[in-house]
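# Remarks on the overall topology
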Amino acid sequence: MSGNIDQIVGNENSLQVPQSDGEHNSQSSVASSNLPSLHTPLSRTTLMSDAEHTVINNQRLLKRDLQQPSAGEFNPGYSTWPTRQIGNSAAIGLACFALTAFIVGLYLAKAMGITIPNVVVAPAIFYGGIAQFLAGVCELIKGNTFAGTAFVSYGSFWLSFGAIYINNFGIAQAYESHPEQFNNAVGFFLLGWGIFTFMLLLVVLKSTWPFIGLFISLDFAFFMLAAGFMTDSFRVRRGGGILIVISAIFGWYSCFSGVSTVHNSYLVLPTGTVPRLHKSKKIPA
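Predicted model only: the values in this text are computed from it and were never measured.

### A closer look at the overall build of the protein
- Within the protein, the regular secondary structure consists of 8 helices and 4 strands.
- Seen in sequence order, the protein has helices and strands lined up from the N terminus as α-α-β-β-β-α-α-α-α-α-α-β.
- In the protein, which comprises 285 residues, the share counted as buried stands at 39%.
- Taking the contacts inside the protein whose residues are at least 6 apart along the sequence as the reference set, 62% of them involve residues at least 24 apart.
- When the accessible surface of the protein is totalled, it reaches about 16,800 Å², and 64% of it is carbon and sulfur.

### Some thoughts on a nonpolar patch on the surface
- Taken together, the side chains of Phe188, Leu191, Ile195, Phe198, Met199, Leu202, Val203, Leu205, Phe223 and Met230 present a nonpolar region at the surface, about 910 Å² in accessible area.
- Secondary-structure elements contributing two or more residues to the nonpolar patch are helix 6 (179-203) and helix 7 (209-231).
- In terms of residue count, helix 6 provides more of the nonpolar patch than any other element does, 7 residues in total.

### With respect to helix 8 (residues 234-259)
- With 26 residues, helix 8 extends 38 Å between its outermost C-alpha atoms, agreeing within 8% with the 38 Å of an ideal straight helix rising 1.5 Å per residue.
- The N-terminus of helix 8 is capped by serine 233, whose side-chain oxygen sits 3.3 Å from the backbone nitrogen of valine 236.

### Looking at the packing of helix 4 (residues 118-142) against helix 5 (residues 145-164)
- Direction vectors running N to C along helix 4 and helix 5 enclose 160 degrees, while the axes themselves pass 7 Å from each other. As far as their axial angle goes, helix 5 and helix 4 are roughly antiparallel. At the point where helix 4 passes helix 5, the crossing takes the left-handed sense.
- Among the residues forming the contact of helix 4 with helix 5, the class breakdown is 17 nonpolar, 10 polar and 1 charged.

### Looking at the packing of aromatic side chains
- Under the defined criterion, the tally for this structure stands at 16 aromatic pairs.
- An angle of 90 degrees between the planes, with centres 6.2 Å apart, marks the rings of tryptophan 158 and phenylalanine 161 as edge-to-face. Here phenylalanine 161 and tryptophan 158 lie together in helix 5, a separation of 3 residues that amounts to about one turn.
- Linked through ring pairs, Phe97, Tyr154, Phe157, Trp158, Phe161, Tyr165, Phe189, Trp193, Phe196 and Phe222 together constitute an aromatic cluster.
- The residue whose ring lies beneath lysine 110 is tyrosine 107, and the NZ or CZ to ring-centre distance is 4.7 Å.

### With respect to the pattern of salt bridges
- Evaluation of the coordinates by the stated rule reveals 2 salt bridges.
- A salt bridge links glutamate 139 to lysine 142, with the nearest nitrogen and oxygen atoms 3.4 Å apart. Of the two residues, glutamate 139 and lysine 142 both sit in helix 4, 3 residues apart, roughly one turn of that helix.
- Judged by its relative accessible area of 0%, glutamate 139 falls in the buried class.

### What about the nonpolar core?
- If you look at the biggest cluster of nonpolar residues, it comprises 43 residues, and the most contacted ones within it are Tyr154, Trp158, Leu190 and Phe215.
- Within the residue set of this core, elements represented by two or more residues are helix 3 (89-108), helix 4, helix 5, helix 6, helix 7 and helix 8.
- No other element matches the 10 residues that helix 7 contributes to this core.
- In this structure, tyrosine 154 is in contact with Gly128, Gln132, Trp193, Phe196, Thr197, Leu200, Phe215, Leu218 and Phe222, ignoring residues within four places of it in sequence.

### Regarding helix 4
- The end-to-end C-alpha distance of helix 4 is 35 Å, a good match for the 36 Å that 25 residues give at a rise of 1.5 Å each.
- The axis of helix 4 is deflected most strongly, by about 40 degrees, at alanine 124.
- Listing the buried residues of helix 4 in full gives Val120, Val121, Pro123, Ala124, Ile125, Gly128, Gly129, Gln132, Ala135, Gly136, Glu139 and Lys142.
- Looking at the buried positions of helix 4, the neighbouring elements they touch are helix 3 and helix 5.
- A positive phi of about 100 degrees marks glycine 143, the residue just after helix 4.

Calculation rules
Residues numbered from 1 in each chain as written. Predicted model: local features only at pLDDT ≥ 70, side-chain atom pairs only at ≥ 80, totals over all residues. Heavy atoms only, no water. Helix = DSSP H or I, 4+ residues; strand = E, 2+ residues; numbered from the N terminus. Buried < 20%, exposed > 50% of the residue type's maximum accessible area, 1.4 Å probe, protein only. Contact = heavy atoms within 4.5 Å. Areas by Shrake-Rupley, 256 points an atom, 1.4 Å probe, with all protein chains shown as cover. Patch = residues over 30% accessible without salt bridge, like charges linked within 9 Å, V, L, I, M, F, W, Y side chains within 5 Å. Salt bridge = Lys/Arg side-chain N within 4 Å of Asp/Glu carboxyl O. Expected span 1.5 Å × (residues − 1). Polar contact = N/O pair within 3.5 Å; in protein donor to acceptor, adjacent residues only side chain to side chain. Axes fitted to C-alpha atoms, helices over the stretch in contact; angles between N-to-C directions. Parallel < 35°, antiparallel > 145°, perpendicular 65-115°, else oblique. Left-handed = near helix turned anticlockwise from the far one by under 90°. Nonpolar A, V, L, I, M, F, W, Y, C, P; charged D, E, K, R; others polar. Phe/Tyr/Trp six-rings, centres within 6.5 Å; stacked < 30°, edge-to-face > 60°. Lys NZ or Arg CZ within 6 Å of the ring centre and 35° of its normal. Core = buried A, V, L, I, M, F, W, Y, C linked by side-chain atoms within 4.5 Å. Bend = angle between axes of the 7 residues up to and from the residue.

The analysis is restricted to geometry; functional conclusions fall outside its scope.
Structure follows, in structure tokens:
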């Protein structure tokens, strides 16, 4: 009997008094008016992004629970943690890019009077090309679309850039009797990559200062090199080569910040997160 009494007491909130049909319908209409309609556009709901919260996939989340922007992870914004637990392939991609860009930049700047590009071909094909391409594939598997897009694209760039100077492809040899066309063709090639890099630059403006420095210097380098080849200006090409070297330094900085921790290094580089202007974000319909 006591068990039944406890059950009755525990469920007293669920007991309902029978109502007439008119009263029931009037209360149902009032309750339904307080509920959001299925046909109400979701864009009326406003979510706020502030110093402690951000909006991802129409959800307001605490920033401390998310993966923060990091050049070392090649992650330009706050994101959820990856579901696939693999190593930091972004550090490999950054290392590949930085070393290849450093060598190519010095060659384009004609450092130490070097004019023969053969030593550039090997790192452009194997390290900056194939290895960076595979790092981008790993980032896509992890769900990092930005890093995957960047590493696969720039890996393909180094592969195609190295192919220009490989005799078996016959690319440079095809322009032997028309060197001005070769310079203009390479200029168009670099101009396209400058436009692509500018698109990526717009994506990282809310991330970290090393991120921004890497893409700004690389973007200006592409445009300067394109102008240098089209105008056949040695000074402009040298300036573009110097900017590529600067971009490589930012790449090495980001790579080191991705592999160094307080547990394995006495030197841990700051991420340099860019402060954000907070504003409300509306859920799309």
